[in-house]
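Inside the fold
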Amino acid sequence: MGPPGAGKGTQASVVAVNLGIAHISTGDLFRANVGEGTPLGIEAKRYLDAGEYVPDSVTNAMVRDRITQPDCHPGFLLDGYPRTLEQVNELDMMLTASGHAVDKVVELTVDTDVVVERLLKRAADQGRADDTAAVIRRRLEVYAEQTAPLTAVYAGRDLLVRVDGLGEVAEVTRRILAALAGS
Ligand code: AMP
């Protein structure tokens with residue numbers, strides 16, 4: 001978990017390779033569907049472009065489908081999911097059904113000025129449609145309103161580890177792996 005621009009995607013890719021498990025990014029799955037023009041992509045695009053969350057029913061169904069694929073049997077790393085309380089509850093049910101459980105929840109902490117700067121830089125480098133100043137502002141607001149409070153849910157279950165997301169990519173990865181190993 002962590003606000004847009006915290007480095008979730010970058011870190012999740014490296015950490016998943018390190019742990020030898022599948023990396024599931026709901027943002028990447030949505031973007032792939034948008035790119036391919038699938039019905040899911042057509043439905044999701046307007047939300048992504050506006051910086052709003054895709055409805056829970058759509059997102060949950062996509063994750064359910066993904067985590068039942070064979071490469072997820074040994075375990076997986078979720079990146080950008082769950083983001084709402086309804087997704088937390090749905091994930092609990094999916095995991096119970098498949099015999100999995102959440103081992104740890106990593107929250108990458110970063111300062112707002114840093115994330116805005118990173119997102120504007122990413123806009124210049126990668127041209128992501130949702131990295132414009134107005135949409136970035138909205139994505140940060142949505143995160144603060146809907147997702148930040150969820151860290152308390154996982155802290156209450158004693159699953160949350162907070163990791164400082166500021167610094168070199170390799171250094172942040174080292175911190176995450178150390179936090180996971182310490183469990
Ligand atoms: P991300 O790449 O994680 O920043 O996600 C990009 C966009 O995809 C978000 O701004 C949302 O529009 C959508 N999205 C990704 N994950 C979720 C989720 N768990 N629930 C709802 N919308 C999501």
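It should be noted that the structure appears before, not after, this text.
Residues numbered from 1 in each chain as written. Predicted model: local features only at pLDDT ≥ 70, side-chain atom pairs only at ≥ 80, totals over all residues. Heavy atoms only, no water.

1. A short note on the overall build of the protein
A tally of helices and strands in the protein yields nine helices and four strands. Counted from the first residue to the last, the protein has its helices and strands arranged as α-β-α-α-α-β-α-β-α-α-α-β-α. Compactness check: the protein gives a C-alpha radius of gyration of 16 Å against a globular reference of 16 Å for 183 residues, within 12% of the reference. Overall size of the protein, expressed as C-alpha extent along the three principal axes, is 40 × 40 × 30 Å. For the protein, with 183 residues in total, the buried portion stands at 42%. Of the accessible surface of the protein, which amounts to about 9,400 Å², a share of 55% is contributed by carbon and sulfur atoms. The protein carries 19 positive and 26 negative side-chain charges, and their two centres are separated by 1 Å. (Helix = DSSP H or I, 4+ residues; strand = E, 2+ residues; numbered from the N terminus. Rg over C-alpha atoms; globule rule 2.2 N^0.38 Å. Buried < 20%, exposed > 50% of the residue type's maximum accessible area, 1.4 Å probe, protein only. Areas by Shrake-Rupley, 256 points an atom, 1.4 Å probe, with all protein chains shown as cover. Lys, Arg positive; Asp, Glu negative; His and termini not counted. Charge placed at Lys NZ, Arg CZ, Asp CG, Glu CD.)

2. Topic: the pattern of salt bridges
The tally for this structure, following the rule as stated, stands at 15 salt bridges. Across the salt bridge formed by arginine 31 and aspartate 28, the nearest N and O atoms sit 2.9 Å from each other. Here arginine 31 pairs with aspartate 28, and both are found in helix α2 (residues 26-36), just three residues apart, close to one helical turn. The exposure class of arginine 31 is partly exposed, given its relative accessible area of 29%. (Salt bridge = Lys/Arg side-chain N within 4 Å of Asp/Glu carboxyl O.)

3. Considering the packing of helix α4 (residues 56-67) against helix α5 (residues 85-98)
The interhelical angle for the contact between α4 and α5, taken along N-to-C directions, is 25°, at an axis separation of 10 Å. As far as their axial angle goes, α5 and α4 are roughly parallel. Crossing angle aside, the handedness with which α4 passes α5 is right-handed. Along its contact with α4, which presents Asp56, Thr59, Asn60, Val63, Arg64 and Ile67, the element α5 presents Glu86, Gln87, Glu90 and Met94. Its residues assigned to classes, the contact of α4 with α5 comprises three nonpolar, three polar and four charged. (Axes fitted to C-alpha atoms, helices over the stretch in contact; angles between N-to-C directions. Parallel < 35°, antiparallel > 145°, perpendicular 65-115°, else oblique. Left-handed = near helix turned anticlockwise from the far one by under 90°. Contact = heavy atoms within 4.5 Å. Nonpolar A, V, L, I, M, F, W, Y, C, P; charged D, E, K, R; others polar.)

4. Regarding the pairing of strand β3 (residues 105-109)
Across the five residues that make up β3, a large majority, four, are buried. By the bridge criterion, five bridges tie β3 to strand β4 (residues 160-164) in an arrangement that is parallel. Paired with threonine 109 across the strands is aspartate 164, a residue of β4. (Pairing = 2+ DSSP bridges.)

5. A word on the packing of helix α1 (residues 8-19) against helix α9 (residues 169-181)
Closest axis-to-axis distance for the α1/α9 pair is 10 Å, and the angle between their directions is 55°. In terms of axis orientation, α1 runs oblique to α9. α1 and α9 meet at a crossing whose hand is right-handed. Contact with α1, carried on its side by Thr10, Gln11, Val14, Val15, Asn18 and Leu19, involves Val169, Val172, Thr173, Ile176, Leu177 and Leu180 of α9 and no other residues of that element. For the contact of α1 with α9, the residue count by class is eight nonpolar, four polar and no charged.

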